[in-house]
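For reference, the chains in residue letters:
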Amino acid sequence: MSSNTVRRVAALAAAAALPAGLILTGVGAGVASAADPACVQSSHDTKSDWSTVWVTHTYDKSVSAAEVAAGTNVTYKIVVGTTGIGNPYVNTIRDYAPAGFGAPISVKVTSYHFAQGQVTEAVTPEPNGDGGWRVSSTGWFVNSGNQVTAEFTYKVPDNIAAGTKVTSGGIDVSGTVGVGTTKTGLTSCFNVRAKNPGEAVLGSADGAGLGSSQGQMSSTGSISDVLGDTITRVINNGS
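All figures in this text were calculated on a predicted structure; none of them were measured in a lab.

**Some remarks on the overall build of the protein**
No. 1: Looking only at helices and strands, the protein features five helices and 14 strands.
No. 2: Here the protein, with 239 residues, has 44% of them falling under the buried criterion.
No. 3: Expressed as a percentage of contacts within the protein between residues at least 6 apart in sequence, the contacts between residues at least 24 apart total 70%.
No. 4: Accessible surface computed for the protein: about 11500 Å², of which carbon and sulfur atoms make up 54%.

**Let's talk about the sheet that holds strand 14 (residues 189–193)**
No. 1: Here we have three strands laid out as an open sheet, ordered 3-14-11, and mixed in their pairing. This sheet does not close on itself; its edge strands, each paired only once, are strand 3 (67–69) and strand 11 (165–167). Across this sheet, the average inter-strand angle for adjacent strands is 40°, counted without regard to direction.
No. 2: Bridge count between strand 11 and strand 14: three bridges; the pairing is antiparallel. Within strand 14, the residue paired with valine 166 across the bridge is phenylalanine 190.

**Digging into the pattern of salt bridges**
No. 1: Summed over all chains, the structure comprises five salt bridges.
No. 2: One salt bridge in this structure joins arginine 94 and aspartate 172, with 2.5 Å as the shortest N-O distance. With a gap of 78 residues between them, arginine 94 in strand 5 (residues 89–95) and aspartate 172 in strand 12 (residues 171–175) connect regions that are remote in the sequence. The two residues arginine 94 and aspartate 172 agree in class, both being buried.
No. 3: A salt bridge links glutamate 126 to arginine 134, with the nearest nitrogen and oxygen atoms 3.1 Å apart.
No. 4: The exposure class assigned to glutamate 126 is partly exposed, which follows from its relative accessible area of 42%.

**Re the pairing of strand 9 (residues 133–141)**
No. 1: Bridge count between strand 5 and strand 9: six bridges; the pairing is antiparallel. Of the residues in strand 9, the one forming a bridge with tyrosine 89 is phenylalanine 141.
No. 2: Pairing geometry for strand 8 (residues 126–127) and strand 9, over two bridges, is antiparallel. Looking at strand 9, one finds that proline 127 is bridged to tryptophan 133.
No. 3: Count of turn residues in the strand 8/strand 9 antiparallel hairpin: five residues, of which glycine 129 carries a positive phi of about 90°.

**Some words on the packing of aromatic side chains**
No. 1: Here the structure, examined in full by the defined rule, presents four aromatic pairs.
No. 2: Relative to phenylalanine 141, the ring of tyrosine 112 has its centre 5.8 Å away and its plane inclined at 55°; by these criteria the two rings are tilted. Taken together, the residues tyrosine 112 in strand 6 (residues 106–113) and phenylalanine 141 in strand 9 connect sequence positions 29 residues apart.
No. 3: A relative accessible area of 17% places phenylalanine 141 in the buried class.
No. 4: Site record: aromatic cluster; members linked through ring pairs are Tyr76, Phe101 and Tyr154.

**With respect to the state of the cysteines**
No. 1: All chains considered together, the criterion is met by one disulfide.
No. 2: In this model, cysteine 39 is linked to cysteine 189 through a disulfide, with the two sulfur atoms separated by 1.8 Å. Its torsion about the S-S bond being -95°, the disulfide of cysteine 39 and cysteine 189 is classed as left-handed. On the criterion of sequence distance, the pair formed by cysteine 39 in the loop between helix 3 (28–31) and strand 1 (42–47) and cysteine 189 in strand 14 is long-range, its members being 150 residues apart.

**Section: the nonpolar core**
No. 1: Residues Val90, Ile93, Phe101, Phe152 and Phe190 are the most contacted members of the largest nonpolar core, which totals 32 residues.
No. 2: Breaking this core down by element, the ones donating at least two residues are strand 2 (57–63), strand 4 (73–82), strand 5, strand 6, strand 9, strand 10 (148–155), strand 12 and strand 14.

**Observations concerning the pairing of strand 14**
No. 1: With five of its five residues buried, strand 14 lies for the most part within the structure.
No. 2: By the bridge criterion, three bridges tie strand 3 to strand 14 in an arrangement that is parallel. In the sheet register, alanine 69 faces strand 14, and the bridge partner there is arginine 193.

Conventions and cut-offs
- Residues numbered from 1 in each chain as written.
- Predicted model: local features only at pLDDT ≥ 70, side-chain atom pairs only at ≥ 80, totals over all residues.
- Heavy atoms only, no water.
- Helix = DSSP H or I, 4+ residues; strand = E, 2+ residues; numbered from the N terminus.
- Buried < 20%, exposed > 50% of the residue type's maximum accessible area, 1.4 Å probe, protein only.
- Contact = heavy atoms within 4.5 Å.
- Areas by Shrake-Rupley, 256 points an atom, 1.4 Å probe, with all protein chains shown as cover.
- Pairing = 2+ DSSP bridges.
- Axes fitted to C-alpha atoms, helices over the stretch in contact; angles between N-to-C directions.
- Salt bridge = Lys/Arg side-chain N within 4 Å of Asp/Glu carboxyl O.
- Phe/Tyr/Trp six-rings, centres within 6.5 Å; stacked < 30°, edge-to-face > 60°.
- Disulfide = S-S within 2.5 Å.
- Core = buried A, V, L, I, M, F, W, Y, C linked by side-chain atoms within 4.5 Å.

Structural data, given as structure tokens:
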């Protein structure tokens, strides 16, 4: 039997082994669980002192999901804003991921651009020298109607066990008009869950040379879509 035929049979067998209810209803019904109240997904802080001329600046950090599987991607969102008349410019945002995480896979920043409004751009992160990662600009404009948002995406290490609570480090911001600050307590937490059936199938398919380049799916994806895509690739590879 050819190697292509073996791979086709393996993928089809994996699809057939999944519960029909999961294939019909999607991933969410199969992996839902109660969030741990001690593991807080987002945090918020402010700054208002002589350096801000008593204008309140706001700082938020959140993680993209309450539960994430090892080996998949997770995104931390940092938002810097102001509630008063001050118009600071933020020129550097530093993120501190959980211990053991590698370099960001990608980073994007959304900020106000004159005559264009809010614009999202991919930016290149640089190591900060203290375990953090930073993105910089000549200045991202902030006012009461326009925040600046940085989103750092990382891969969750493969060796983190399901049930583990993963808490990030804080943030650091530099800029004008008193917006600069270090917020070590501005953290985010998620629970590590077991891989859902779609992620497990794609992970196995990757091992046989059949999966996607990322070897994962989002926790909100449809298993039927994933299986259909996987089986289509198997058939095409074998043709």
